[in-house]
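Single-letter residue listing:
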Amino acid sequence: MGGVAGFSKFSKEEKLQWIAAQFTQDPEQAVALLQGFWHEDAEVQRIFDGFSENTISNFFLPFGIAPNFLIDGQLHAVPMVIEESSVVAAAASAAKFWQTRGGFKTKIINTIKLGQLHFSWSGPTEKLRRYLPEIKSELLNDVQHLTLNMEKRGGGILDIELLDFTAQEPNYFQLKVSFETCDSMGANFINSILEAFGHRIQRFVADHPDFIGAERQLTVIMAILSNYTPDCLVRAMVSCPIEKLNKVAEGMDGVRFAEKFYTAVRIAQLDTYRAVTHNKGIFNGIDAVVLATGNDFRAVEACGHAYAARDGQYRSLSNCSIDDGLFRFWLDIPLALGTVGGLTKLHPLAKLSLEVLRQPSAQQLMSIVAAMGLAQNFAAVRSLVTTGIQKGHMKMHLMNILNHLEASEQEAHWIAQQFTDQAVSFSAVRDQLAELRQKAVDAPIENGAIAKIKNR
């Protein structure tokens, strides 16, 4: 089977039909399945199709709510988009736990975003540095039409720094540019300015009388924002007296729980293997809110993981301390988010998510997302040091198995009771369900028939 020419020019229907005919066992069924996920509102579907290329359908993910998040004194119901079992339940549980213990406190440490102009130039570094003030002035003047509206909102270009990498790579320099983009994530704003900077600095060295010979040739390699934004940072924290942790787990007082919790977090600071799983749990919560609000979870993750390795070793993003009878648990996380532009207003559910969150500013959204990450981490570590992580996971896993086996609601209820104290496995659930159905052949499972079957 060969390739296909001009696929991007096919109509949506033609793309769908070609994929189904070439790559599925039952093309008619595949087409019906894919069309079944189209939005019934043609205008909404047109918007969805515009988000990407070569679209033939939509891929659904669960949209859930974690209520009772008390963040900086305000109560939130937080939208979450995630397919992993038990994540939303864990977040809601942690939110309820801390709601009666002061809630989540947050602090915006900074909101600086970064862009880079990478270029090659064969002249002496000291010459570029000498003319840097003049270069900066021309660069800023050249992009006034791009920065005007952002400056009116309190943002704009904060600084331009010349970096010399010629010791590592011949002739390689960089302009590192700092930005404040207010409620916008700012990718298009930053990239447009950087590209304009590239054209202007090329003209500067070409036209300036003090630059001679090869110095007049400056080659722009690339102009692009950086998704590593260590100075776009927020802290989320919870704390309470240790005695308020007394009822966290049966048979474990607050002191013992706090000590085990602290040690678990400390292990994630010391051991990279544990830290990766530890931080993945944090991003279970963060990504879910980032997705729900139409932000870029891939950029957020890449930045967060780089920040976790900022001292040369990958470590936990969260920290814990026990001092003078006070338990403190906090998270520092870089989050470059936006509440205007991009998908935040185009995607109807992203727009609704921001409405549910009371139309937060970008800084308020940073606080909410950081609190969610901390809540998710608290719930996971709490499970690990008390009941074990599998108890909650297996409950959801059981429901997934029952759905796979097409169990009815009544069958699922009865099977769930059987596995209250049993290990869950696909084969064990399948066998229990088969036995139940065999017993029910002569007595349909309705109107109390389950009780009769249980007594046989």
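Before going into details, it helps to say that this report is about the structure given with it.

Definitions and limits used
- Residues numbered from 1 in each chain as written.
- Predicted model: local features only at pLDDT ≥ 70, side-chain atom pairs only at ≥ 80, totals over all residues.
- Heavy atoms only, no water.
- Helix = DSSP H or I, 4+ residues; strand = E, 2+ residues; numbered from the N terminus.
- Buried < 20%, exposed > 50% of the residue type's maximum accessible area, 1.4 Å probe, protein only.
- Contact = heavy atoms within 4.5 Å.
- Areas by Shrake-Rupley, 256 points an atom, 1.4 Å probe, with all protein chains shown as cover.
- Phe/Tyr/Trp six-rings, centres within 6.5 Å; stacked < 30°, edge-to-face > 60°.
- Lys NZ or Arg CZ within 6 Å of the ring centre and 35° of its normal.
- Salt bridge = Lys/Arg side-chain N within 4 Å of Asp/Glu carboxyl O.
- Arc of directions from axis to C-beta.
- 1 Å grid on protein atoms, 1.4 Å probe; cavity = no way out; pocket = protein on both sides within 12 Å on 5 of 7 lines; lining within 4 Å.
- Points joined across faces, edges and corners; volume = space filled by probe spheres on them.
- Core = buried A, V, L, I, M, F, W, Y, C linked by side-chain atoms within 4.5 Å.

1. Some thoughts on the overall build of the protein chain
Scanning the protein chain for helices and strands turns up 18 helices and ten strands. Within the protein chain, the proportion of its 456 residues that are buried is 45%. In the protein chain, of all internal contacts separated by at least 6 residues, the share reaching a separation of at least 24 is 69%. A total accessible area of about 23700 Å² is found for the protein chain, and carbon and sulfur atoms account for 52% of it.

2. A closer look at the packing of aromatic side chains
Scanning the entire structure with this criterion turns up 24 aromatic pairs. Here the aromatic rings of Phe7 and Trp18 are separated by 5.5 Å at their centres, their planes lie at 55°, and the arrangement is tilted. Pair noted here: Phe7 is in the segment before α1 (12-23) and Trp18 is in helix α1, with a separation of eleven residues, a long-range link. Members of the aromatic cluster, joined through ring pairs, are Phe97, Trp98, Phe257, Phe261, Phe327, Phe329 and Phe378. Between Lys12 and the ring centre of Trp38, over which it is positioned, the NZ or CZ distance is 4.2 Å. The aromatic ring of Phe7 is capped on one face by Lys15, whose charged end is 6.0 Å from the ring centroid.

3. Quick notes on the pattern of salt bridges
Where side chains of opposite charge bring their charged atoms close, a pairing between them can arise. The final tally for this structure, using the stated rule, is 13 salt bridges. Residues Arg46 and Glu43 are paired through a salt bridge, measuring 2.6 Å at the closest nitrogen-oxygen approach. With Arg46 and Glu43 both in helix α3 (residues 42-50) and three residues apart, the pair spans about one turn of that helix. Across the pair Asp311 and Arg315 runs a salt bridge, and its minimum N-O distance is 2.7 Å.

4. A closer look at helix α6 (residues 132-142)
It helps to recall that an α-helix has 3.6 residues per turn; residues three or four apart then point in one direction. Residues of α6 that are buried include every one of Leu132, Ile135 and Leu139, and no others. Mapping the buried residues of α6 onto a view down its axis gives an arc of 60°, with all of them on the same face. Residues of α6 that are exposed and angled more than 90 degrees away from the buried face: Pro133 and Asn141. Contacts from the buried residues of α6 go to α5 (125-130), β5 (156-164), β6 (172-180) and α8 (187-207).

5. Observations concerning empty space enclosed by the protein
Scanning the model with the defined rule gives one cavity of 30 Å³ or more in all. What the largest cavity holds in volume is close to 60 Å³. Considering each element in turn, the lining of the largest cavity owes the most residues, three residues, to helix α11 (residues 297-308).

6. Let's talk about the nonpolar core
Counting residues in each nonpolar core, the largest one holds 65 residues, and the members touching the most others are Phe69 and Leu335. Tallying contributions element by element places helix α14 (residues 362-385) first for this core, with 13 residues. With near-sequence residues (within four places) excluded, Leu335 lies in contact with Cys232, Val234, Ile286, Val300, Met366, Val369 and Ala370. Counting 31 residues, the second-largest nonpolar core is a separate cluster that includes Trp121, Tyr131, Met150 and Phe179.

7. Here's the deal with the side chain of Gln432
Positionally, Gln432 belongs in helix α17 (residues 426-439). Contact partners of Gln432, with chain neighbours within four places excluded, come to Trp414, Ile415, Gln418, Phe419 and Gln422.

8. Describing the environment of Leu194
Tracing the backbone through its elements, the reader meets Leu194 in helix α8. Overall, the relative accessible area of 0% leaves Leu194 in the buried class. As for Leu194 and Phe378, which are separated by 184 residues in sequence, their C-alpha atoms are 40 Å apart. Dropping the residues within four chain positions of it, Leu194 is found in contact with Gly115, Gln116, Leu117, Val177, Phe179, Ala223, Ile224 and Leu225.

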